[in-house]
Amino acid sequence: MVAVAWRSLLPVIIISTFIVYEEWVSFPSCKLLPNTTFNLDEHVGNDDDSPEDLKVMLVANLLLRGTEAGFFDLYFRYYYMSKFFKKSFQSLNPDMLLVLGDVSAKGSELSRSTWLSVLHQFNHILGPFLDLPLHVILGDRDVGECSGLDANSVNWITSNFPGLDSSGCGAFEISNISFVSLNAVALLCGNNKLLFDVEKVIERESVDLQMEIKGTDEAKNESAMFRELSYGFSWRENAMTSGSGPVLLLHFPLYQSGNSYKREVSTFKSTIDPSGHDPASAESRGFLGTGPYGLSQTVPPNATEYIFHALKPRYGYRNESNDDRIIFSAHTHEFSDHTHLDGTREVTVPAMSWTVRDDPGFIIATFRGNRSTVSVTYCSVARESHILTAYTSALILFLLLVIVSNTLELKGLS
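Small disclaimer: the values here were computed from a predicted structure and weren't measured.

1. A few points about the sheet that holds strand E3 (residues 96-100)
Next, step 1: A sheet is described by the order of its strands in space; here six strands give the open sequence E1-E15-E14-E2-E3-E4, paired in mixed fashion. The outermost strands of the open sheet, each flanked by one partner alone, are strand E1 (29-32) and strand E4 (134-137). Across the sheet, the axes of successive neighbouring strands diverge by a mean angle of 20°, strand direction being ignored.
Next, step 2: Relative to strand E15 (residues 373-380), E1 runs antiparallel, the two being bridged by four bridges. When the bridges of E15 are listed, Leu32 appears paired with Thr377.
Next, step 3: Across the sheet, helix H3 (residues 71-92) touches E1, strand E2 (54-59), E3, strand E14 (361-368) and E15, and the angle it forms with E2 is around 160°.

2. Concerning helix H6 (residues 151-158)
Counting along an α-helix, one turn takes 3.6 residues, and residues three or four places apart therefore face a common direction.
Next, step 1: Among the residues of H6, those classed as buried are Val154, Trp156, Ile157 and Thr158.
Next, step 2: For H6, the N-terminal cap is Asp150; the gap from its side-chain oxygen to the backbone nitrogen of Asn152 is 3.3 Å.

3. Notes on the pattern of salt bridges
Any two side chains of opposite charge can pair, so long as their charged atoms come close to each other.
Next, step 1: All chains considered together, the criterion is met by 14 salt bridges.
Next, step 2: Ionic pairing is found between Arg77 and Asp73, a salt bridge with its closest N-O pair at 3.4 Å. Here Asp73 and Arg77 lie together in helix H3, a separation of four residues that amounts to about one turn.
Next, step 3: Accessibility expressed as a relative area gives 8% for Asp73, which makes it buried.
Next, step 4: Each member of the salt-bridge network shares a partner with another, and the members are Glu334, Arg357, Asp358, Asp359 and Arg383.

4. Quick look at the state of the cysteines
Where two cysteines share a covalent bond between their sulfur atoms, that bond is called a disulfide.
Next, step 1: Applying the stated criterion to the full structure yields two disulfides.
Next, step 2: Residue pairing for Cys30: its cysteine sulfur links by disulfide to Cys379, the two sulfurs lying 2.1 Å apart. On the sign convention where negative is left-handed, the bridge of Cys30 and Cys379, at about 110° about the S-S bond, is right-handed. In this pair, Cys30 is assigned in strand E1 and Cys379 in strand E15, connecting sequence segments 349 residues apart.
Next, step 3: One disulfide in the model links Cys146 with Cys189; its S-S distance is 2.1 Å. The sign of the -95° torsion about the S-S bond sets the Cys146-Cys189 disulfide as left-handed. Here Cys189 lies in the loop between strand E6 (177-181) and helix H7 (193-214) and Cys146 lies in the loop between helix H5 (140-143) and H6, a separation of 43 residues in the sequence.

5. Section: the side chain of Ser88
Next, step 1: Position of Ser88 relative to the elements: it lies in helix H3.
Next, step 2: Residue class for Ser88 comes out buried when judged on its relative accessible area of 0%.

6. Observations concerning the confidence of the model for the chain
Next, step 1: Chain-level statistics for the chain give a pLDDT mean of 80 and a share of 75% at 70 or above.
Next, step 2: A low-confidence stretch, residues 223-243 (pLDDT under 50), is modelled with 62 contacts involving residues beyond four sequence positions or located in other chains.

7. Side note on the environment of Glu384
Next, step 1: By secondary structure assignment, the location of Glu384 is in helix H11 (residues 384-413).
Next, step 2: Note on Glu384: relative accessible area 5%, which makes it buried.
Next, step 3: Between the C-alpha atom of Glu384 and that of Arg77, which follows or precedes it by 307 residues, the distance is 8.4 Å.

8. What to know about unusual backbone geometry
One can expect most non-glycine residues to show negative phi and most peptide bonds to be in trans.
Next, step 1: Of note in this structure, Asn61 is not a glycine but carries a positive phi near 55°.
Next, step 2: Inspection of the secondary structure assignment puts Asn61 in the loop between E2 and H3.
Next, step 3: Judged by its relative accessible area of 0%, Asn61 falls in the buried class.
Next, step 4: Phi is positive for Asn93, which is not a glycine, with a value near 50°.
Next, step 5: The residue Asn93 is located in the loop between H3 and E3 in this model.

Parameters at a glance
One numbering rule holds for all chains: residues counted from 1, following each sequence as written. The model is predicted, so local features are restricted to residues of pLDDT at least 70 and side-chain atom pairs to those at 80 or more, both for listing and for counting; the totals for chains, interfaces and linings are taken over all residues. Water and hydrogen atoms were dropped before computing side-chain values, which therefore reflect all heavy atoms in the structure. Two strands are counted as paired when DSSP detects at least two bridges linking them. Helix numbering and strand numbering both begin at the N terminus, where a helix is a DSSP run of H or I of at least 4 residues and a strand a DSSP run of E of at least 2. Here an angle of 0 to 180 degrees is reported between the N-to-C directions of two axes, which are lines fitted to C-alpha atoms, with helices fitted over the stretch in contact. A contact between two residues is defined here by any heavy atoms of the two lying within 4.5 Å. Throughout this description, buried means an accessible area under 20% of the type-specific maximum (1.4 Å probe, protein chains only), exposed means over 50%, and partly exposed covers the range between. Polar contacts here mean pairs of N or O atoms no more than 3.5 Å apart (in protein, one a potential hydrogen donor and the other a potential acceptor; neighbouring residues in sequence count only if both atoms are side-chain atoms). For this analysis, a salt bridge means a side-chain nitrogen from Lys or Arg found within 4 Å of a carboxyl oxygen belonging to Asp or Glu. Sulfur atoms of two cysteines make up a disulfide when they are within 2.5 Å. On a range of 0 to 100, pLDDT expresses the predictor's confidence in each residue.

Next comes the structure, spelled out in structure tokens:
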């Protein structure tokens, strides 16, 4: 009788345990990163967010497959990804979501009907984030490489994401903070209409910045002054101070000089991987290839210099000198925290997909209005291998208990 009662309770115990486990494992683990402008000691013990702060969650490389998604993707990976977004929303309470490209695993090869299935999956996974301000930029997997870059196709894709123009660029302001997103794929192309459209966006934003900083009349006079560069790009001479432009959003990282400073995630993620080795890289997992462009691809040096000169990426309130200069990029699937030679900080957002990382992650950027600084927090979610191990262990345990229960029952009958 005891064995029978135990067997009847066993499914209830297993299910209850999994419900508790799923709730616990779905919460992200976050760590505040140090930088040269944000005083970590001042922040410790003062976790209350100011009403003036803007908390932005940044993700990248969701790599959704649409109708081509298999059973494992639909009922395991996407299921947990949806839970990760939901629990991140509940625990971190962000004010905005930024998606830095590669929503689709191979969007450049998809028909429009299949793209619609990707967008449906995207909306389902975001869940409560759909009620927040949302901005999505394009990645190389979304639109393809230069040789196949089609302006009409890009225009159709951008029409499905809020805030993007027909070239895949966007500009917006929230909480008195300006953001500019650029179609970084087009910046890799030569004589392409999209490249010229992106250049127009950069020039327009540069003029707008000068008008705000120096006054309308003076800026208009300067808008006719250009300096031609040896590699074909041109920009107007301007007197904007370094760090007076918008927060810049790109899919590809900017070109990084060998003399600049780079802090990899392994320098602080000892609680995640004490060895500093990243077993979760796309190459080690062998999924999806590298897409149209290799993971080491960056914006070319000439375009990088062009952007720095024209936009002066930063964070800070208008006309303040104590601001952070910051850029957010993606594509590499890995996190990095890079400081360019002029002091501009570039944070590369890791992939938020089990398809290419065993330990997906995202970034929380908190723009602190009372100090005109930005703090960056790296968040990781549960490893796919750990959850699969938990499921496998539970199944083995369940089978062992059933075997033991049946054995005891048979002994009792004998």
